[in-house]
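The primary structure of each chain is shown beneath.
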Amino acid sequence: MSRIFSGIQPSGDLHIGNYLGAVKNWAQLQHRHESIICIVNLHAITVPYEPRELSSRTWEMAVSLLAAGLDPEHCTVFVQSMVPQHTELSWIFNTITPLGELERQTQFKEKAQRQESVMAGLLNYPVLQAADILLYRADLVPVGEDQVQHLELSREVARKWNARFSPQQDYFPEPKPLLTVTRRIMGLDGQTKMSKSMGNTIGLLEEPAAIWEKLRPAMTDPKRVRRTDPGTPEVCNIYQLHKAFSAPATVEHVAKQCSTAGWGCIDCKKVLLESMTGEMGPIRDRALELRARPGRVEEILQGGAEHCRLLAQETMRQVKEKMGLP
Ligand code: AQP
C-alpha cells in the first residue's frame, strides 16, 4: 500500500477551495492508501499571526477535517508542531536547497509582496514542506494545483539528498502530486484563487444564510450584463462551482438555462445554494457533534502525533546515520 501525506494550514477556516481541491480527495484516498494528514501550524507562522487565534484555528481545523470525512480508523491526523522531527529534517534540507530555487517559487513571491517585511521562514516554507512529506517517505501527495511547484521542489530535494547521502539505493522516494478534477477553485471575485488569506472564500461550515450573502453578489460571466443576455457557462465561476457540487443532470440544465438566457444569474445561484447545502449540511452537523466532544478530538490528535513520532524517529535515525551526525 503506498503512503500518502498531505497538509493544510490552520491559517483560517477551511474553505470550499481546500475541500474540493484537497480534503474531499483525502477522505476518499484514506480507504485505498496509508494516509497521513497534517495540520501544518509551523507553516502558518511564516506570516504575521495572533498566537491565541492560531491555537483555536488549529483545533477548529481538526474538527473541520474530521467532519469532512477523515476517519481516524483509516487515516492519521495530527498537528505538525507535536512532532519535532519536521523542523529537524527541514534544517538538514536547508543545507542542500539552492537559494535561487526558493526565490523563484510563485507562492513566495505572491505572499512576500503582501508583507511589510519578509522573514526567512516564508522563503523556507517549501523546504519545511519537503521535510513534512519526506519524513514519512510518502509516495503520493494529494494537493490542489497551487502546490504543484512546491512539490517539484520536494522531488528535487529528495533527488539531491539521495545522490549525496544514499547513492547506492534511493532512501527517499520522489513524491508525486495527486490532483482532483477541481484542481483550482477561484475566489468569489472570480479573479484570484480562493484563499483563506484573501477573504474571498466560502467556509465549509458556513450556514446557508451566510453562504447566500456571499453567493448573491459573487462574480459570474463578466460579459453577461443584462438578464436577457445569453451567458457563457464555461467562463462563469458559479458554473464551475455547479460542476463541483451539483448532480450531472442539474449541471446540464444550468448550462442550457444560462446559455439561452432562460435563467438569470440569481436563479442559477439559488440552485447552487441548494446543491451546496445538500453536501455541506451533513458536514456542518458532524462538526457540531465533534465540538461537543473536545476530549475525543484531543485524543485523535494525540494518537496521531504519537504514531507519527515513531515513524519520524526512525527516519531521522537513518538520515543522521547516513550523514555522519551522531
Ligand atoms: N482555491 C483552491 N482550489 C483548490 N485547492 C486549493 N487549496 C487551497 N486553495 C485551493 C489546496 O488546499 C490544500 C491546503 O492548502 P493550505 O492551507 O495548506 O495552503 P494554501 O494553498 O496556501 O491555502 P489557502 O487557503 O490559500 O491559505 P493561505 O491563504 O493561508 O495561504 C492544499 O492542497 C492546496 O493546494
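Everything quoted here is computed from the prediction, not taken from an experiment. (Residues numbered from 1 in each chain as written. Predicted model: local features only at pLDDT ≥ 70, side-chain atom pairs only at ≥ 80, totals over all residues. Heavy atoms only, no water.)

Points about the overall build of the protein
Then, number 1: Across its full length, the protein carries 14 helices and 5 strands.
Then, number 2: Taking 326 residues into account, the globule formula puts the C-alpha radius of gyration at 20 Å, and the protein, at 21 Å, falls close to it.
Then, number 3: Taken over the C-alpha atoms alone, the protein extends approximately 75 × 45 × 40 Å along its principal axes.
Then, number 4: Here the protein, with 326 residues, has 51% of them falling under the buried criterion.
Then, number 5: The long-range fraction of contacts in the protein, counting pairs at least 24 apart against all pairs at least 6 apart in sequence, stands at 78%.
Then, number 6: Roughly 15,600 Å² of accessible area belongs to the protein as shown, and the carbon and sulfur atoms make up 52% of that amount.
Then, number 7: Charge centroids of the protein, computed over 38 positive and 38 negative side chains, lie 3 Å from each other. (Helix = DSSP H or I, 4+ residues; strand = E, 2+ residues; numbered from the N terminus. Rg over C-alpha atoms; globule rule 2.2 N^0.38 Å. Buried < 20%, exposed > 50% of the residue type's maximum accessible area, 1.4 Å probe, protein only. Contact = heavy atoms within 4.5 Å. Areas by Shrake-Rupley, 256 points an atom, 1.4 Å probe, with all protein chains shown as cover. Lys, Arg positive; Asp, Glu negative; His and termini not counted. Charge placed at Lys NZ, Arg CZ, Asp CG, Glu CD.)

Some points on the site of the ligand
Then, number 1: Not every one of the 22 residues close to the ligand is listed here, only the nearest: Lys 111, Asp 146, Ser 195, Lys 196 and Ser 197.
Then, number 2: Contact between the ligand and His 15: an oxygen atom at 2.7 Å from a side-chain N or O atom of the residue.
Then, number 3: In this structure, an oxygen atom belonging to the ligand sits 3.2 Å away from a side-chain N or O atom of Asn 18.
Then, number 4: Element by element, the count of residues in the shell around the ligand is highest for helix 1 (residues 16-29), at 4 residues.
Then, number 5: Partitioned by chemical class, the residues of the shell around the ligand number 5 nonpolar, 11 polar and 6 charged. (Near = heavy atom within 4 Å. Polar contact = N/O pair within 3.5 Å; in protein donor to acceptor, adjacent residues only side chain to side chain. Nonpolar A, V, L, I, M, F, W, Y, C, P; charged D, E, K, R; others polar.)

Describing the domain arrangement of the protein
Then, number 1: Partitioning the protein into structural domains gives domain 1 (3-185 + 294-323) and domain 2 (206-287).
Then, number 2: Spacing between the C-alpha centres of domain 1 and domain 2 amounts to 33 Å.
Then, number 3: Listed as interface residues are 9 residues of domain 1 and, on the opposing side, 9 residues of domain 2.
Then, number 4: Regarding the contact of domain 1 and domain 2, the summed buried area is about 760 Å², with carbon and sulfur atoms giving 73% of it.
Then, number 5: Looking only at domain 1, the three residues that lose the most surface to domain 2 are Ile 16, Tyr 19 and Ala 67, adding up to 53% of its buried area.
Then, number 6: The interface formed by domain 1 and domain 2 holds 3 residue pairs in polar contact (both at pLDDT 80 or more) in total.
Then, number 7: Secondary-structure elements contributing two or more residues to the side of domain 1 that touches domain 2 are helix 1 and helix 3 (51-67).
Then, number 8: For the side of domain 1 that touches domain 2, the class distribution of residues is 7 nonpolar, 1 polar and 1 charged. (Domains from an automatic or database assignment. Buried area = accessible area lost by both parts, 1.4 Å probe.)

Here's the deal with the pattern of salt bridges
Then, number 1: Per the stated rule, a full pass over the model turns up 20 salt bridges.
Then, number 2: One salt bridge in this structure joins Lys 193 and Asp 146, with 2.7 Å as the shortest N-O distance. Placement of Lys 193 in the loop between strand 5 (176-178) and helix 10 (208-215) and of Asp 146 in the loop between strand 4 (140-142) and helix 9 (148-165) is noted, with a sequence separation of 47 residues between them.
Then, number 3: A residue is classified by how much of its surface remains accessible, and Asp 146, at 27% relative accessible area, is partly exposed.
Then, number 4: Close ionic contact of Glu 321 with Arg 317 constitutes a salt bridge, the shortest N to O distance being 3.3 Å. You can see Glu 321 and its partner Arg 317 sitting in helix 14 (residues 294-323), 4 residues apart, about one turn around the helix.
Then, number 5: Taking relative accessible area as the criterion, Glu 321 reaches 60% and is therefore assigned exposed.
Then, number 6: Relative accessible area serves as the criterion here: at 44%, Arg 317 is assigned to the partly exposed category.
Then, number 7: A network of salt bridges, in which partner residues are shared, links Glu 152, Arg 155, Arg 159 and Glu 174. (Salt bridge = Lys/Arg side-chain N within 4 Å of Asp/Glu carboxyl O.)

Things to note about the nonpolar core
Then, number 1: In terms of nonpolar packing, the biggest core is built from 53 residues, with Ile 16, Tyr 19, Leu 65, Leu 215, Phe 245 and Met 276 touching the most fellow members.
Then, number 2: Of the residues forming this core, the biggest block, 9 residues, is contributed by helix 13 (residues 265-291).
Then, number 3: When residues of this core are sorted by domain, at least three fall in each of domain 1 (3-185 + 294-323) and domain 2 (206-287).
Then, number 4: Leaving out residues up to four positions away in the same chain, Leu 215 has contacts with Ile 202, Ile 238, Lys 269, Leu 272, Leu 273 and Met 276. (Core = buried A, V, L, I, M, F, W, Y, C linked by side-chain atoms within 4.5 Å.)

Some remarks on helix 3
Then, number 1: The terminal C-alpha atoms of helix 3, which comprises 17 residues, lie 24 Å apart, in line with the 24 Å expected from a rise of 1.5 Å per residue.
Then, number 2: Burial in helix 3 covers these residues: Leu 54, Thr 58, Met 61, Ala 62, Val 63, Ser 64, Leu 65, Leu 66 and Ala 67. (Expected span 1.5 Å × (residues − 1).)

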